[in-house]
Amino acid sequence: MASLSLNQIRGKNSAPDFARTRSRTTWARPSRVGFKLFASSESPAEPDLSVTVNGLRMPNPFVIGSGPPGTNYTVMKRAFDEGWGAVIAKTVSLDAAKVINVTPRYARLRAGANGSAKGQIIGWENIELISDRPLETMLKEFKQLKEEYPDRILIASIMEEYDKAAWEELIDRVEQTGIDAIEINFSCPHGMPERKMGAAVGQDCVLLEEVCGWINAKATVPVWAKMTPNITDITQPARVALTSGCEGISAINTIMSVMGINLDTLRPEPCVEGYSTPGGYSSKAVHPIALAKVMNIAKMIKSEFGDKDFSLSAIGGVEEGGDAAEFILLGADTVQVCTGVMMHGYGLVKKLCADLKDFMKAHNFSSIEDFRGTSLQYFTTHTELVQRQQEAIQQRKATRKGLKSDKDWTGDGFVKESESMVSN
């Protein structure tokens, strides 16, 4: 098994096992992160799935995405016990009393005719809001989890109104529980946009820059900004978040959608007392869209920020290890799963890890870093695709096999010359 070492970049001490590599009491801005993972020259017998992201060491890159799978102590504990690399709790705010959910709040799309009860589930819509549990309750459970799992990574997802003091209070309170990082929900596509929450901030780069400034002046743990895909160019808010002090980007949140209309009742789905509202679309059908968004963000980070220690957490339709491998090949450090857990359970992480190891073995990769970002170089513009194809055609013509004229036949090479013009 290859040995792994953490190289210190910005002056923080490493911690053993899968622990936080930071000190809560001595960390000062901007030194919230600073470690990279390097594999030794030896080839391990079994691929190593461990990753270190913004100084946080995880046993694998699979992270519970913010949502129902991280809604309370019981389910988050289950996630750690099953082996997930990290858990991002469901988004919290200061005043949970304003959060009122409805039921039903999900609708599914199957591969088949409209309204078919059969076929594989390929799409999932939710109109669910952030956590409706009192903040004090969630904070107590964060603290309990960190006491019971001190070497595992717990990330708080937070969202607040357009109020500097509220953001500062929320950050201070969640950090006191011992959480390892914060993910900022700038991306929820539904619910409370009138309070300048969620995607209402992520879609407004001026507002985003101001709010990120408040957050990063206060936070003492790594901060990830979660991006909305419901925008023309996702690289614009991602760039603003990074230049405003965030250590990482998470992408994508759900896509604004209407799941469908029941052709018997003529009512939209999910149907609540005969009515509905647009919600967030997730599951396998969004995976190609998420790949494109993640690719664009990864290319932007690479070209504009170079070797700076920014991280990228990919989200969207992950149900198999191959789905995760695609994200990592585009430059993702970690891969989040939310809807997949709702469909397949917390034990899904074992299949994800096994699948990813099989992929790595097939390509002789010993660590995640061996292939992270490998496929990013193969994306270019349509103009360059045309140019490359024209050059390839000209090259093939120039090296065409066979004799150009009867005068080129020779006695000594007659058999080979004949074979050179055979098509099968």
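Residues numbered from 1 in each chain as written. Predicted model: local features only at pLDDT ≥ 70, side-chain atom pairs only at ≥ 80, totals over all residues. Heavy atoms only, no water.

This part is about the confidence of the model for the chain. For the chain, mean pLDDT is 87; residues scoring 70 or higher make up 85% of the total. Low pLDDT (under 50) marks residues 1-30, which in the prediction has 97 contacts with non-local residues, meaning those over four places away or in another chain. Across residues 34-39, confidence stays below pLDDT 50; counting only partners more than four residues off in sequence or on other chains, it has 38 contacts. (pLDDT = per-residue confidence, 0-100. Contact = heavy atoms within 4.5 Å.)

Our next topic: unusual backbone geometry. The linkage connecting threonine 103 with the following residue, proline 104, adopts the cis geometry, with an omega of 0°. The residue proline 104 is located in the loop between strand E6 (86-88) and strand E7 (106-110) in this model. With omega at -10°, the peptide bond leading from glutamate 269 into proline 270 counts as cis. Phi is positive for glutamate 273, close to 55°, though the residue is something other than glycine. (Helix = DSSP H or I, 4+ residues; strand = E, 2+ residues; numbered from the N terminus.)

Strand order in this open sheet of 4 strands is E7-E8-E16-E13, and the pairing throughout is antiparallel. At either margin of the open sheet sits one strand with a lone partner, and together these are E7 and strand E13 (255-257). Mean inter-strand twist for the sheet, computed between neighbouring axes without regard to direction, equals 35°. (Pairing = 2+ DSSP bridges. Axes fitted to C-alpha atoms, helices over the stretch in contact; angles between N-to-C directions.)

A separate point is the nonpolar core. Residues Trp84, Ile158 and Phe186 are the most contacted members of the largest nonpolar core, which totals 101 residues. Ranked by the residues each element gives to this core, the list is headed by helix H7 (residues 287-305), at 9 residues. (Core = buried A, V, L, I, M, F, W, Y, C linked by side-chain atoms within 4.5 Å. Buried < 20%, exposed > 50% of the residue type's maximum accessible area, 1.4 Å probe, protein only.)

A separate point is helix H1 (residues 73-82). Residues lying three or four places apart along an α-helix face the same way, a consequence of the helix completing one turn every 3.6 residues. Among the residues of H1, those classed as buried are Tyr73, Val75, Met76, Ala79, Phe80 and Glu82. The elements touched by buried residues of H1 are strand E5 (62-64), E6, helix H2 (135-148), strand E9 (153-158) and helix H10 (348-362). Between the side-chain oxygen at the start of H1 and the backbone nitrogen of threonine 74 there is a gap of 3.0 Å, and the oxygen is on asparagine 72. In the stretch just after H1, glycine 83 is the one whose phi turns positive, near 110°. (Polar contact = N/O pair within 3.5 Å; in protein donor to acceptor, adjacent residues only side chain to side chain.)

If you trace the 8 strands once around the closed barrel, you get E5-E6-E9-E10-E11-E12-E17-E18, paired in parallel fashion. Mean inter-strand twist for the sheet, computed between neighbouring axes without regard to direction, equals 25°. As paired elements, strand E17 (residues 311-315) and strand E18 (residues 334-337) share 3 bridges and run parallel to each other. Looking at the pairing, isoleucine 315 lines up with glutamine 336 of E18.

It is worth spelling out helix H8 (residues 321-329) at this point. With 7 of 9 residues buried, H8 lies mostly within the body of the structure. Along H8, the positions that sit buried rather than exposed are Gly321, Asp323, Ala324, Ala325, Phe327, Ile328 and Leu329. On the buried face of H8, the contacting elements are E5, H7, E17, E18 and H10. Directly after H8, the chain includes glycine 331, whose backbone phi takes a positive value near 115°.

Here the focus is the pattern of salt bridges. Tallied over the full model, the rule gives 17 salt bridges. With a closest N to O distance of 2.5 Å, glutamate 82 and lysine 350 form a salt bridge. Here the residue glutamate 82 occupies a position in helix H1, and lysine 350 occupies one in helix H10, the gap between them amounting to 268 residues. On the basis of relative accessibility, which here comes to 47%, the residue lysine 350 falls in the partly exposed class. The salt bridge involving arginine 388 is made with glutamate 384; its shortest N-O contact spans 2.9 Å. Here glutamate 384 and arginine 388 lie together in helix H11 (residues 382-398), a separation of 4 residues that amounts to about one turn. Arginine 388 sits in the exposed class, given a relative accessible area of 51%. Residues joined in a network through salt bridges with shared partners are Glu46, Lys357 and Lys361. (Salt bridge = Lys/Arg side-chain N within 4 Å of Asp/Glu carboxyl O.)

Bringing the side chain of serine 283 into the picture now. The residue serine 283 is located in the loop between strand E16 (279-282) and H7 in this model. Its relative accessible area of 3% is what places serine 283 among the buried residues.

Moving on to the pairing of E17. By the criterion of burial, E17 is predominantly enclosed, with 5 of the 5 residues buried. Neither face of E17 is left uncovered, since the one carrying Ser311, Ser313 and Ile315 and the one carrying Leu312 and Ala314 both have all their residues buried. As defined by bridge partners, strand E12 (residues 248-251) adjoins E17 across 4 bridges and the pair is classed as parallel. Residue pairing in the sheet places glycine 248 in a bridge with serine 311 of E17. As for the winding sense of the linkage, the β-α-β connection from E17 through H8 to E18 is right-handed. (Right-handed = clockwise from strand over helix to strand, strands pointing away.)

Our next topic: the side chain of glutamate 82. There is a polar contact of 2.5 Å between the side chain of glutamate 82 and the side chain of lysine 350. Here glutamate 82 is in contact with Tyr346, Gly347, Val349 and Lys350, once residues within four sequence places are set aside.

Our focus in this paragraph is the environment of asparagine 253. Along the chain, the position of asparagine 253 falls in the loop between E12 and E13. Given the relative accessible area of 12%, asparagine 253 is considered buried. A sequence separation of 64 residues divides asparagine 253 from proline 189, and the C-alpha atoms of the two residues are 8.0 Å apart. Sequence-distant contacts of asparagine 253, defined by excluding residues within four places in its chain, comprise Asn185, Ser187, Cys188, Pro189, Lys226, Met227 and Pro229.

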